[in-house]
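So you can see what is in the structure, the chains are spelled out below.
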Amino acid sequence: MIKIAASMPAEYRDASSEELARRIAAAKESLGSRLLILGHHYQMDEVMDFADARGDSFGLSKIAAEQRDAEIVVFCGVHFMAESADILTGPEQRVILPDLSAGCSMADMADIDQVEAAWADLATIVDIERVVPITYMNSTAAIKAFVGRHGGAVCTSSNARAVLAWALGDEKASARGDRVFFLPDQHLGRNTALSMGYDQEELVLWDPAQPLGGQMSDVIEQSRVLLWKGHCSVHGRFTIDQVRRFREENPEGKVIVHPECTQDVVESADAWGSTDFLIRWIEAAPIGTVVTIGTEVHLVSRLAKEHPELTITCLDDEVCPCITMARIDAPHLAWVLEEAMEGRIRNQITVDPETARWSLVALERMLEIT
Ligand code: SF4
């Protein structure tokens, strides 16, 4: 991947929010249909107010790919999302991440060298041809390409169940392999597999810092799902004590959480599912419902604002923003847009053709499955 880094001039940092809003709006108008601004659900309102489309990482990338006349795609999200957008869009479209330091701690927990080494270790224990790698969308393009090369697929939090069933077989289809190597979020993998009826003993944690993932070879041989030891630092903050406290204070209240939360939190919730699921749950809730949500706080705050007929709180009352998502702010958005108006593309994300090719294989397999 090539990163063309440039520093944002101080004038943007010093500008008032009113001035930035005016300049962003003017740049948007000037660029017209050549520009598409995508806003992930976890973005701050100062950015979301200018998004042409809101959604999760995969949904937004698909929107970018469908709008071929948008030659400048500004992805207000984190790094892996802009990579996916670059993979899915055409060669004439350029994808910009307003601040290159907007990464994802979960995606960074699965380094390609570590994954290659783990794969080689696994091959000494089990028939590697019968291991199906699956990676969550929240992973680098290098990991998606690895999965594509080795016969696996990408999944999202909406379709993880269907992709696991495709790999391990179910009543409708035969298995692709004996076990899955699930990257990089152990919680999404564990919560999904348990909900499908797999036993706890069949789910084995692979710690890349330990020889053989920290497991005995017989444990690996008996596994059905090997879970990479990665997690989301935001969703990892939610605890079973927070759920208990909420229920004590709100006996009639509901708890809904994202599957990146730990198993105990997910099992104690009234409902759990992807970001889209959580939004739809809120939209369908009866007037007067008291609900706490275990997901990123900018999304929770926006839902609370948009649904005054409900009482909506964040499960973690200490507040839990995704710090890296919040690096995309109005100053960076104004800067990249005004530079684009002058014909200068700042902070372009470009995935090399070979990585893009195999990532696309893994993404297209997911689309075929779901
Ligand atoms: S919320 Fe978690 S998974 Fe999502 S971008 Fe932030 S760190 Fe990554």
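Source: prediction; values computed, not measured.

Peer 1: Describe the domain arrangement of the protein, and please don't skip the residues or the numbers.
Peer 2: When the domains of the protein are assigned, the result is domain 1 (2-103 + 324-351), domain 2 (107-231) and domain 3 (235-314). Computed over C-alpha atoms only, the centres of domain 2 and domain 3 are separated by 28 Å. Counting residues at the interface gives 13 residues for domain 2 and 11 residues for domain 3. It is Ser157, His187 and Asn191 that lose the most area in domain 2 upon contact with domain 3, and together they represent 49% of the buried surface on that side. In this structure, the connection of domain 2 to domain 3 is made through zero salt bridges. At the junction of domain 2 and domain 3, the tally comes to six residue pairs in polar contact (both at pLDDT 80 or more). A per-element tally of the side of domain 2 that touches domain 3 places helix α10 (residues 186-195) first, with seven residues. Each residue belonging to the side of domain 2 that touches domain 3 can be placed in one class, and the counts come to three nonpolar, eight polar and two charged.

Peer 1: Explain the sheet that holds strand β4 (residues 72-76) residue by residue, including any values.
Peer 2: The strand order across the open sheet built from four strands is β3-β2-β4-β5, with neighbouring strands paired in parallel fashion. This sheet does not close on itself; its edge strands, each paired only once, are β3 (53-55) and β5 (94-96). Averaged over all pairs of adjacent strands, the angle between their axes in this sheet comes to 25°, without regard to strand direction.

Peer 1: So, the pairing of strand β13 (residues 290-294): which residues are in play, and what are the values?
Peer 2: A large share of β13 lies buried, amounting to four of its five residues. As defined by bridge partners, strand β11 (residues 254-257) adjoins β13 across four bridges and the pair is classed as parallel. Across the sheet, Ile256 pairs through a bridge with Ile293, a residue of β13. Note: β13 against strand β14 (residues 311-314), four bridges, orientation parallel. Its bridge partner lying in β14, Val291 is registered against Ile312.

Peer 1: Explain the nonpolar core residue by residue, including any values.
Peer 2: Core analysis: the biggest nonpolar cluster contains 125 residues, and Val74, Leu122 and Phe181 have the highest contact counts within it. The element contributing the most residues to this core is helix α16 (residues 330-341), with seven residues. Each residue touching Leu122, except ones within four places of it in the same chain, is listed here: Ile128, Val131, Phe181, Trp206, Ile220 and Leu226.

Peer 1: Tell me what's going on with the packing of helix α7 (residues 112-123) against helix α8 (residues 141-149), and back it up with residues and numbers.
Peer 2: Relative to each other, α7 and α8 sit at 25°, their axes nearing to 9 Å. In terms of orientation, α7 lies roughly parallel with respect to α8. Judged by the twist between their axes, the crossing of α7 over α8 is right-handed. The residues of α8 that touch α7, namely those facing Ile112, Val115, Glu116 and Trp119, are Ala142, Ile143, Phe146 and Arg149. Looking at the contact of α7 with α8 residue by residue, the class counts come to six nonpolar, no polar and two charged.

Reading the values: the criteria
- Residues numbered from 1 in each chain as written.
- Predicted model: local features only at pLDDT ≥ 70, side-chain atom pairs only at ≥ 80, totals over all residues.
- Heavy atoms only, no water.
- Domains from an automatic or database assignment.
- Contact = heavy atoms within 4.5 Å.
- Buried area = accessible area lost by both parts, 1.4 Å probe.
- Salt bridge = Lys/Arg side-chain N within 4 Å of Asp/Glu carboxyl O.
- Polar contact = N/O pair within 3.5 Å; in protein donor to acceptor, adjacent residues only side chain to side chain.
- Helix = DSSP H or I, 4+ residues; strand = E, 2+ residues; numbered from the N terminus.
- Nonpolar A, V, L, I, M, F, W, Y, C, P; charged D, E, K, R; others polar.
- Pairing = 2+ DSSP bridges.
- Axes fitted to C-alpha atoms, helices over the stretch in contact; angles between N-to-C directions.
- Buried < 20%, exposed > 50% of the residue type's maximum accessible area, 1.4 Å probe, protein only.
- Core = buried A, V, L, I, M, F, W, Y, C linked by side-chain atoms within 4.5 Å.
- Parallel < 35°, antiparallel > 145°, perpendicular 65-115°, else oblique.
- Left-handed = near helix turned anticlockwise from the far one by under 90°.

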